[in-house]
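An overview of the molecular structure
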Amino acid sequence: GAGSDLASIRTTAVENEKGFTLNGEKTFITNGIHADLVVVVCKTDPHASPAYKGISLMIVERDTPGFSRGRKLDKVGLNSQDTSELIFEDVAVSKDNLLGKKGEGFYYLMNQLQQERLIVGIGAIAACERMLELTVEYVKERKAFGKSIASFQNTQFKLAELQTEIEIGRTFLDRTIEAHMNGEDVVKEVSMSKWWTTDLVKKVAMECMHLHGGYGYMEEYEIARRFRDAPVTAIYAGSNEIMKTIIAKKMGLV
Ligand SMILES: Cc1cc2nc3c(=O)[nH]c(=O)nc-3n(C[C@H](O)[C@H](O)[C@H](O)COP(=O)(O)OP(=O)(O)OC[C@H]3O[C@@H](n4cnc5c(N)ncnc54)[C@H](O)[C@@H]3O)c2cc1C
């Protein structure tokens, strides 16, 4: 139920002599059905103030009593990857399965999320490049009014604009990856590239499908699948609005 508001998660791990008792559930988990090992974000101190200081990470293995999987969720796109619900009912977790230090979970997540968001950006730009490639091929072949679709100025301008934006996105993303690999603090740049590249992939998907005409709406054309896969990138790994709140904080506006 927490979604964007990570600090308000309700899954709890109550400490006892042997370790912890975990209770709660999580709705959207990528590869939840396939996973043998899951990292659970939970509250070891539900009364901590501020709330994020009470968060810890625990490892739970497949077949641990009380740990079950709910439905494999029926998604609009990304159909080759499962997304599922995970349920934890009085799961006994040993002390050894606490990942890092108790109460430090939020900080670990904040560090690793930069990498996850970069990966989402890479996926978005790669998808943009592929959709553009598919569309350039298509408009050269398809004819209307005795000419190729590529010969219309509208087609040329649209594709020239997309090519420009994709190259700008790729350049900024590559620069951010380089800075991340050099150990620099790239939280602001990662947030910027995540929202910008995933907004762009939605626009590219829409324009490229449109330039395919009716065929673009048919499942047999790759662009149709790519159109379905694109929008979620702006939602997961921290929605684009959350990215903008991070940038605003870094700008000293909050
Ligand atoms: C296919 C898929 C796979 C996923 N895989 C995983 C996974 O493996 N692990 C995992 O932990 N999570 C996963 N998620 C969850 C994902 O991270 C969340 O869906 C995402 O963070 C948004 O949370 P929410 O769905 O609860 O939306 P909400 O938080 O309910 O947001 C709804 C809308 O309100 C906006 N909003 C929320 N807060 C603010 C604010 N402060 N200011 C302005 N606007 C705001 C959001 O941007 C969004 O547009 C997955 C989701 C999907 C769809």
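Residues numbered from 1 in each chain as written. Predicted model: local features only at pLDDT ≥ 70, side-chain atom pairs only at ≥ 80, totals over all residues. Heavy atoms only, no water.

The omega angle of the peptide bond from Ser 49 to Pro 50 is -5 degrees, so this bond is cis rather than trans. Summarising the element assignment, Pro 50 is placed in the loop between β3 (37-43) and β4 (55-61). Despite not being glycine, Asp 63 has its phi angle at roughly 70 degrees, a positive value. Checked against the element boundaries, Asp 63 lands in the loop between β4 and β5 (67-72). Even without being glycine, Leu 78 reaches a positive phi, approximately 45 degrees. Its location among the elements puts Leu 78 in the loop between β5 and β6 (83-94). (Helix = DSSP H or I, 4+ residues; strand = E, 2+ residues; numbered from the N terminus.)

Another point: the packing of aromatic side chains. A full pass over the atoms with the stated rule returns five aromatic pairs. With a centroid separation of 6.1 Å and an interplanar angle of 85 degrees, the aromatic rings of Tyr 52 and Tyr 107 are classed as edge-to-face. Here Tyr 107 lies in helix α1 (residues 105-141) and Tyr 52 lies in the loop between β3 and β4, a separation of 55 residues in the sequence. Its relative accessible area of 29% is what places Tyr 52 among the partly exposed residues. For the pair Phe 67 and Phe 88, a centre-to-centre distance of 5.0 Å together with 5 degrees between the ring planes defines the contact as stacked. With Phe 67 in strand β5 and Phe 88 in strand β6, this residue pair connects regions lying 21 residues apart in the sequence. (Phe/Tyr/Trp six-rings, centres within 6.5 Å; stacked < 30°, edge-to-face > 60°. Buried < 20%, exposed > 50% of the residue type's maximum accessible area, 1.4 Å probe, protein only.)

Every one of the 15 residues lining the ligand counts as a neighbour, but Gly 3, Ser 4, Thr 30, Ser 239 and Glu 241 are closest to it. Contact distances for the ligand include 2.6 Å between an oxygen atom and a side-chain N or O atom of Ser 4. Between the ligand and the protein, one listed contact pairs an oxygen atom with a side-chain N or O atom of Glu 241 at 2.6 Å. Taken together, the elements giving at least two residues each to the shell around the ligand come down to β2 (19-30) and α5 (240-250). When its residues are assigned to classes, the shell around the ligand shows seven nonpolar, five polar and three charged. Two domains each put at least three residues into the shell around the ligand: domain 1 (6-103) and domain 2 (106-250). (Near = heavy atom within 4 Å. Polar contact = N/O pair within 3.5 Å; in protein donor to acceptor, adjacent residues only side chain to side chain. Nonpolar A, V, L, I, M, F, W, Y, C, P; charged D, E, K, R; others polar. Domains from an automatic or database assignment.)

Once that is clear, we can look at the domain arrangement of the chain. For the chain, the domain assignment lists domain 1 (6-103) and domain 2 (106-250). A C-alpha centroid distance of 31 Å is found between domain 1 and domain 2. Each partner contributes residues to the interface: domain 1 has 14 residues there, and domain 2 has nine residues. Taken together, both faces of the contact between domain 1 and domain 2 bury some 1000 Å²; the carbon and sulfur share is 68%. A per-residue breakdown of the area domain 1 buries against domain 2 is headed by Leu 6, Tyr 52 and Leu 78, which together make up 43% of the total. On the surface where domain 1 and domain 2 come into contact, there are zero salt bridges. Tallied by class, residues from the side of domain 1 that touches domain 2 come to eight nonpolar, four polar and two charged. (Contact = heavy atoms within 4.5 Å. Buried area = accessible area lost by both parts, 1.4 Å probe. Salt bridge = Lys/Arg side-chain N within 4 Å of Asp/Glu carboxyl O.)

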